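Overview (structure and organization)
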Amino acid sequence: MQHRSNLRGNSPVSIIGAGVAGAWQALLFAKAGHAVTLYERSDAALMHATSHWAGGMLAPYCESEASEPIISRLGLAALDLWRRELPETPFNGSLVVAHARDRADYERFARRTCGHQRLDAAQLAELEPSLEGRFREGLFYPAEGHVEPRRVLPQLHQRIIEAGGTIHFDCDVHSGDLDGLVIDCRGLGARDVEPELRGVKGEMILIETDEVQLARPVRLMHPRWPLYVIPRENNLFMLGATSLEAEHTGVSLRSALELLGAAYAVHPAFAEARLVEFGSGLRPAYPDNLPRITLAGGNVIRVNGLYRHGFLIAPSLAQATLNYVARGQIDNEVMRCV
Ligand SMILES: Cc1cc2nc3c(=O)[nH]c(=O)nc-3n(C[C@H](O)[C@H](O)[C@H](O)COP(=O)(O)OP(=O)(O)OC[C@H]3O[C@@H](n4cnc5c(N)ncnc54)[C@H](O)[C@@H]3O)c2cc1C
């Protein structure tokens, strides 16, 4: 493509969308020496971005249970990029637990994933003292991490500025208005050029209690979707997440019951927690639920379809885009030309 051969290290690159996909593109291109400008139509709080609502789990092993191998490949490579660019990212691992009635699902999960250690009740209690006496066993994935999206996105934006990039919030732009290479990371906002994209609704609840302490995300086996409790700062816990083929926002009573029930099943002390927030986001997904880097011709590259793995895979997609622009390297599994 024309822009690859013409681009030097300091060539201008415009990125549209400051969610996790665009933020990682901006960071890696700025660090590679490009004059990066990131445009975002919301304000810095990004309340309308899917990324604002995410759990932020960096869990390539757990996610491999229900996703294609490409997600694990991108996710594993991304763990190193998170460590390199944000060394303070917590890598405390993650836990999978189940009640006796869901034992068959638990064993299936263990069989279908790798990278875990089996813990008995005593080892589980040693790792997470709050869970003492709650479960007979657990699966521990020590290499996994988690970030708090509402904290890590501003950190990424700060790193972009430190690397010489510029960010314009409250700035609704179209690729046709911009010069140089344009990387379109608009998520569901890109449906004008990506009509196949759909939103997959994920609901979440934020609760607060000082009666339970967790150092890592805890997933509870559930017959319909993976329910989890993720510890946040200041005694907050995020309960997530449903996965519904629906494009309206808000949280249904049924989903709220399931999410709150999952927290209660992890620990009854959550029953006394204060309800802080109910919310939902629409995950941008293609029909195959796989991410795409689309070499759209001219000066435009589109990065989209991060579905339920945006935090996990955005760094690797940014690295792949940069490898293409800098060296013409094609990643056949995620790139396509139109
Ligand atoms: C409840 C829930 C839990 C999740 N948990 C996890 C998890 O644990 N781990 C994980 O890896 N992923 C998780 N995800 C998935 C993850 O949130 C998404 O994959 C990711 O946020 C998609 O990021 P994005 O940058 O592509 O889109 P977005 O975050 O939506 O960003 C797109 C941005 O583009 C901006 N934009 C649109 N049009 C324009 C325009 N014309 N000009 C300027 N800006 C524009 C928008 O305002 C928006 O800020 C979860 C999602 C949900 C809903």
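To be clear, the structure that these remarks concern was listed above.
For the structure given in this document, a descriptive report is provided here. (Residues numbered from 1 in each chain as written. Predicted model: local features only at pLDDT ≥ 70, side-chain atom pairs only at ≥ 80, totals over all residues. Heavy atoms only, no water.)

**Here we look at helix 4 (residues 69-85)**
Just so we agree on the cut-off: Under the DSSP-based scheme used, a helix requires at least four consecutive residues in state H or I and a strand at least two consecutive residues in state E, with every element numbered from the N terminus. Here the expected span of a helix is defined as 1.5 Å times the quantity of residues minus one. The buried label goes to any residue with under 20% of its type's maximum accessible area, the exposed label to any with over 50%, and the partly exposed label to all in between, with areas taken from a 1.4 Å probe on protein chains only. Whether two residues are in contact is decided by their heavy atoms, any of which lying within 4.5 Å being enough.
With 17 residues, helix 4 should reach 24 Å at 1.5 Å per residue; the first-to-last C-alpha distance of 25 Å fits that figure. Among the residues making up helix 4, those that are buried are I70, I71, S72, L74, G75, A78, L79, L81, W82 and E85. On its buried face, helix 4 sits against helix 2 (20-31), strand 3 (57-58), helix 3 (60-63), helix 7 (149-162) and helix 9 (310-327).

**Observations regarding the sheet that holds strand 4 (residues 94-97)**
Condition: Any two strands are treated as partners once DSSP identifies two or more bridges connecting them. Angles shown run from 0 to 180 degrees and are taken between the N-to-C directions of axes, each axis being a line fitted to C-alpha atoms and, for helices, limited to the stretch in contact.
In spatial order, the strands read 5-6-4-11-12-13-10-14; together these eight strands make up an open sheet with mixed pairing. Sheet topology places strand 5 (117-120) and strand 14 (274-285) at the edges, where each strand pairs with a single neighbour. Neighbour-to-neighbour, the strand axes of the sheet open up by a mean angle of 25°, direction not taken into account. Each of strand 10 (198-208), strand 11 (218-220), strand 12 (227-231), strand 13 (236-240) and strand 14 touches helix 8 (residues 253-266); the most contacted strand, strand 10, lies at about 50° to it.

**A word on the packing of aromatic side chains**
Describing an aromatic ring pair means giving the distance of the ring centres and the angle of the ring planes. Quick note on the threshold: In this analysis, rings of Phe, Tyr and Trp, with Trp reduced to its six-membered ring, are considered paired at centre separations within 6.5 Å, and the interplanar angle assigns stacked below 30 degrees, edge-to-face beyond 60, and tilted for intermediate values. Note on geometry: a ring has a charge over it if NZ (lysine) or CZ (arginine) is within 6 Å of the ring centre and within 35 degrees of the ring normal.
Going through the model one piece at a time under the given rule, you end up with three aromatic pairs. Its end group placed over the ring of F135, R134 keeps NZ or CZ at 5.9 Å from the ring centre. The residue whose ring lies beneath R292 is Y286, and the NZ or CZ to ring-centre distance is 3.9 Å.

**A word on the site of the ligand**
Selection rule: Whether a residue is near a molecule or strand depends on its heavy atoms: if one lies within 4 Å, it is near. N or O atoms within 3.5 Å of each other form a polar contact, as long as, within protein, one can give a hydrogen and the other can take it, and as long as residues adjacent in sequence are counted only when both atoms are side-chain atoms. For the area figures, the Shrake-Rupley method with a 1.4 Å probe applies, and any residue is considered shielded solely by the protein chains shown. Residues are grouped as follows: nonpolar covers Ala, Val, Leu, Ile, Met, Phe, Trp, Tyr, Cys and Pro; charged covers Asp, Glu, Lys and Arg; every other residue, Gly included, is treated as polar.
If you check the shell around the ligand, you find 36 residues, and the closest are E40, S51, M57, Y307 and F311. A distance of 3.0 Å separates an oxygen atom of the ligand from a polar atom in the backbone of G310. Protein coverage of the free-state accessible area of the ligand, which is 1,000 Å², stands at 97%. The set of elements that each furnish at least two residues to the shell around the ligand consists of helix 2, strand 14 and helix 9. Tallying contributions element by element places helix 9 first for the shell around the ligand, with three residues. In terms of residue class, the shell around the ligand is built from 18 nonpolar, 12 polar and six charged.

**Digging into the environment of D105**
Within the secondary structure, D105 is located in helix 5 (residues 103-112). For D105, a relative accessible area of 32% gives the class partly exposed. In this structure, the C-alpha to C-alpha distance between D105 and P223, residues 118 residues apart in sequence, is 7.6 Å. D105 has contacts with M221 and P223, leaving out every residue within four places of it along the chain.

**Points about the environment of L95**
On the secondary structure map, L95 appears in strand 4. Between the C-alpha atoms of L95 and Q117, which are 22 residues apart in sequence, the distance is 9.7 Å. When residues no more than four places from it in sequence are discounted, the contact partners of L95 are L119, L124, L127, E128, L131, L139, F140, R216, P217, V218 and R219.

**Re the sheet that holds strand 1 (residues 12-16)**
Here we have seven strands laid out as an open sheet, ordered 8-2-1-9-16-15-17, and mixed in their pairing. Each end of this open sheet is capped by a strand with a single partner; those strands are strand 8 (166-168) and strand 17 (335-337). The mean inter-strand angle of the sheet, taken between neighbouring strand axes irrespective of direction, is 20°. As paired strands, strand 2 (residues 35-39) and strand 8 are joined by three bridges and run parallel to one another. Bridge pairing in strand 8 places T37 opposite T166. Contacting strand 1, strand 2, strand 9 (181-184) and strand 16 (300-304), helix 2 runs over the sheet at an angle of about 165° to strand 2.

**So, the nonpolar core**
For clarity, the threshold we go by: Here, nonpolar core refers to any group of buried Ala, Val, Leu, Ile, Met, Phe, Trp, Tyr and Cys residues whose side-chain atoms link them within 4.5 Å.
Core analysis: the biggest nonpolar cluster contains 53 residues, and W24, W82 and I293 have the highest contact counts within it. Ranked by residue count, the leading element in this core is helix 9, at 10 residues. The residues touching I293, leaving out its near neighbours within four places in the chain, are I301, R302, V303, L317, A320, T321, V334, M335 and R336.

**Observations concerning the pairing of strand 2**
Put simply, the rule reads: The handedness of a crossover follows from its direction of travel: if, with the strands pointing away from the viewer, the path from the first strand over the helix to the second runs clockwise, the crossover is right-handed.
Of all five residues making up strand 2, four are buried, and the element is well covered by its neighbours. The pairing of strand 1 with strand 2 spans five bridges and is classified as parallel. By the bridge assignment for strand 2, V13 is matched with V36. With helix 2 bridging strand 1 and the parallel strand 2, this β-α-β connection has right-handed handedness.

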